[in-house]
Amino acid sequence: MAADKKRLNVEFKSIPESLEEPFLKEFPEYVEGIVRGDPGGFVLTPHYGEHAEELYNFHVRPDDIWVLSFPKSGTTWTQELVWLIANDCDFEGAKRSLNDRSPFLEFPYLLPRKGTPTYGHLPSVEKQMQYREELESPRLIKTHLPLDLLPPQLTETCKVVYVARNPKDVIVSYYYHHKLIKFHYFDGDLESFARWFMNDQVWYAPFFGQVLAAWEKAKNDPNVLFLFYEDLKKDLEGQIRKVAQFLGKSLTDEQLGKLVHHLTFENLSKNSAVNKEDGKKHGVFNADGSFMRKGETGDWQRYFSPEMSRQIDEWTELNLRGSDITFVDKI
Ligand SMILES: Nc1ncnc2c1ncn2[C@@H]1O[C@H](COP(=O)(O)OS(=O)(=O)O)[C@@H](OP(=O)(O)O)[C@H]1O
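Residues numbered from 1 in each chain as written. Predicted model: local features only at pLDDT ≥ 70, side-chain atom pairs only at ≥ 80, totals over all residues. Heavy atoms only, no water.

Topic: the overall build of the protein chain
Right, so step 1: A count of helices and strands for the protein chain gives 17 helices and 7 strands.
Right, so step 2: Going through the 331 residues of the protein chain one by one, you find that 54% of them count as buried.
Right, so step 3: Looking at the protein chain as shown, the accessible area adds up to about 15100 Å², and 49% of this sits on carbon and sulfur atoms. (Helix = DSSP H or I, 4+ residues; strand = E, 2+ residues; numbered from the N terminus. Buried < 20%, exposed > 50% of the residue type's maximum accessible area, 1.4 Å probe, protein only. Areas by Shrake-Rupley, 256 points an atom, 1.4 Å probe, with all protein chains shown as cover.)

Have a look at this one:
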């Protein structure tokens, strides 16, 4: 390793059980299991673990913008919003796939090592990583990795937007995501999924670990903007203004109106550059679901029994003890 490379002082080890067991059965080369960083405590795939240090040393550019989140928290929505503001409302340019305009940093390292028929359409892992390095400025990079595993100089170097969503809606959305994506092979019910989630046995867990770290970081770091999905739902225009101000961009009333229109769930879910419906064409998604599923706040109320909801509240309370963050369950 070159002298200027930073060492990521995290040890990877197997965890005894996880929701991804069916996945592990399908891909025996993953038999070592999902790994948990120690002491970081984040659940990630071993394939990622092999490259953790490389990503820790990923070259950050001063004009990069990074969008960070726990999965299913409104990442795609925020990426599209940030991309359009950063690119002076280039709606024509936004017709290109968001996946190309805003790559998912660690994605190539989360894929099964030998590849699956469903991911056969993708360029090699090396090519995908090279694409991230060579993308024209200003790059917009998406990641679900917690701050601890990202380049340590990230927020000193560039702007970061973190988006969070209430945990009950995240659980429901992540559950349907596991049903949608073929390689998860998840056939459990929502209640069992919620238990895996609360026991930190899903990818990227623990939920509160990364959300709270970002929340604290944003308090004292002017380069970090913390958004809530629920605020985007409630006052999209106000949140667009906030992001524009954070990025040092001014918007005309006409641009603002166009952005609000473009970013509604109704319109974004029909936008083929963003809605990931091509996942069906490539066989990555099951045919009977959608990535842009419902886009609601409080959808969990249709799914959780009062007892389940109580358990999640209890778990939330325990994890938020001592923190001043508040999540809105419904609007
Ligand atoms: N415009 C708009 N308005 C409201 N909601 C929206 C919008 N765009 C995406 N979504 C919803 O965000 C959920 C997907 O979250 P992510 O983009 O973070 O998913 S991922 O982690 O990147 O896979 C997923 O939530 P659920 O519908 O609850 O499953 C999407 O529908």
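Some remarks on the sheet that holds strand S7 (residues 224–228)
Right, so step 1: In space, the 4 strands of this open sheet follow the order S5-S4-S6-S7, with parallel pairing throughout. The sheet is open, and its two edges are formed by strand S5 (140–143) and S7, each paired on a single side. Direction aside, neighbouring strands of the sheet carry axes that sit 20° apart on average.
Right, so step 2: Note that strand S6 (residues 159–164) and S7 share 5 bridges and pair parallel. Bridging from a neighbouring strand, valine 163 pairs with leucine 227 of S7.
Right, so step 3: Of the strands in this sheet, S6 and S7 touch helix H13 (residues 236–246), which is tilted by about 170° from S7. (Pairing = 2+ DSSP bridges. Axes fitted to C-alpha atoms, helices over the stretch in contact; angles between N-to-C directions. Contact = heavy atoms within 4.5 Å.)

Overview of helix H10 (residues 190–198)
Right, so step 1: Burial in H10 covers these residues: Leu190, Phe193, Ala194, Phe197 and Met198. One side of H10 carries all its buried residues, which in axial view fall inside an arc of 135°.
Right, so step 2: Within two residues after H10, aspartate 200 carries a phi angle of roughly 60°, on the positive side. (Arc of directions from axis to C-beta.)

Quick word on the packing of aromatic side chains
Right, so step 1: For the structure shown, the criterion picks out 25 aromatic pairs.
Right, so step 2: The interplanar angle of 90° and the centroid separation of 6.0 Å between the aromatic rings of phenylalanine 228 and phenylalanine 327 together place this pair among those described as edge-to-face. Separated by 99 residues along the polypeptide, phenylalanine 228 in strand S7 and phenylalanine 327 in the segment after helix H17 (306–320) bring together distant segments of the chain.
Right, so step 3: Across the ring face of tyrosine 229, the terminal group of arginine 165 is positioned such that the distance to the ring centre comes to 3.8 Å.
Right, so step 4: Over the ring of tryptophan 300 we find lysine 168, and its NZ or CZ is 4.0 Å from the ring centre. (Phe/Tyr/Trp six-rings, centres within 6.5 Å; stacked < 30°, edge-to-face > 60°. Lys NZ or Arg CZ within 6 Å of the ring centre and 35° of its normal.)

With respect to H13
Right, so step 1: Within the sequence span of H13, burial applies to Leu236, Gln239, Ile240, Val243, Ala244 and Phe246. For H13, the arc enclosing every buried residue in end-on projection is 160°, short of the 170-degree limit, so these residues lie on one face.
Right, so step 2: After H13 finishes, the residue glycine 248 shows a positive phi value of roughly 70°.

Section: the pattern of salt bridges
Right, so step 1: Inspection of every chain in the model, using the stated rule, returns 21 salt bridges.
Right, so step 2: Between lysine 168 and aspartate 329 there is a salt bridge, and its shortest N-O distance comes to 3.3 Å. Placement of the pair is lysine 168 in helix H9 (residues 167–180) and aspartate 329 in the segment after H17, with a sequence separation of 161 residues.
Right, so step 3: Owing to a relative accessible area of 2%, lysine 168 belongs among the buried residues under this scheme.
Right, so step 4: Looking at aspartate 329, the relative accessible area reads 25%, which means it is partly exposed.
Right, so step 5: Through salt bridges with shared partners, a single network forms among Arg293, Lys294, Glu296, Asp299 and Arg302. (Salt bridge = Lys/Arg side-chain N within 4 Å of Asp/Glu carboxyl O.)

Considering the site of the ligand
Right, so step 1: Around the ligand sit 22 residues in total, of which Thr75, Thr76, Ser173, Tyr229 and Lys294 are the nearest.
Right, so step 2: In the model, an oxygen atom of the ligand is placed 3.1 Å from a nitrogen or oxygen of the serine 73 main chain.
Right, so step 3: Between a nitrogen atom of the ligand and a side-chain N or O atom of tryptophan 77, the distance comes to 3.1 Å.
Right, so step 4: Those elements that provide at least two residues to the shell around the ligand are helix H4 (75–86), H9 and helix H15 (265–268). (Near = heavy atom within 4 Å. Polar contact = N/O pair within 3.5 Å; in protein donor to acceptor, adjacent residues only side chain to side chain.)

What to know about the environment of aspartate 253
Right, so step 1: Here aspartate 253 shows up in helix H14 (residues 253–263).
Right, so step 2: Residues aspartate 253 and alanine 218, spaced 35 residues apart in sequence, show a C-alpha to C-alpha distance of 28 Å.

Concerning the side chain of threonine 155
Right, so step 1: Within the secondary structure layout, threonine 155 lies in helix H8 (residues 154–157).
Right, so step 2: Threonine 155 gets classed as buried once you look at its relative accessible area, which sits at 5%.
Right, so step 3: Within the structure, the side chain of threonine 155 is placed 2.7 Å from the side chain of aspartate 221, a separation counted as a polar contact.
Right, so step 4: Here threonine 155 is in contact with Leu147, Val160, Lys217, Asp221, Asn223 and Val224, once residues within four sequence places are set aside.

Examining the side chain of glutamine 210
Right, so step 1: Mapping glutamine 210 onto the fold places it in helix H11 (residues 207–220).
Right, so step 2: A relative accessible area of 3% places glutamine 210 in the buried class.
Right, so step 3: A distance of 2.7 Å separates the side chain of glutamine 210 from the side chain of tyrosine 162, its partner in a polar contact.
Right, so step 4: Setting aside anything within four residues of it in sequence, one finds glutamine 210 in contact with Phe42, Ser69, Phe70, His144, Leu145, Pro146, Tyr162 and Tyr204.

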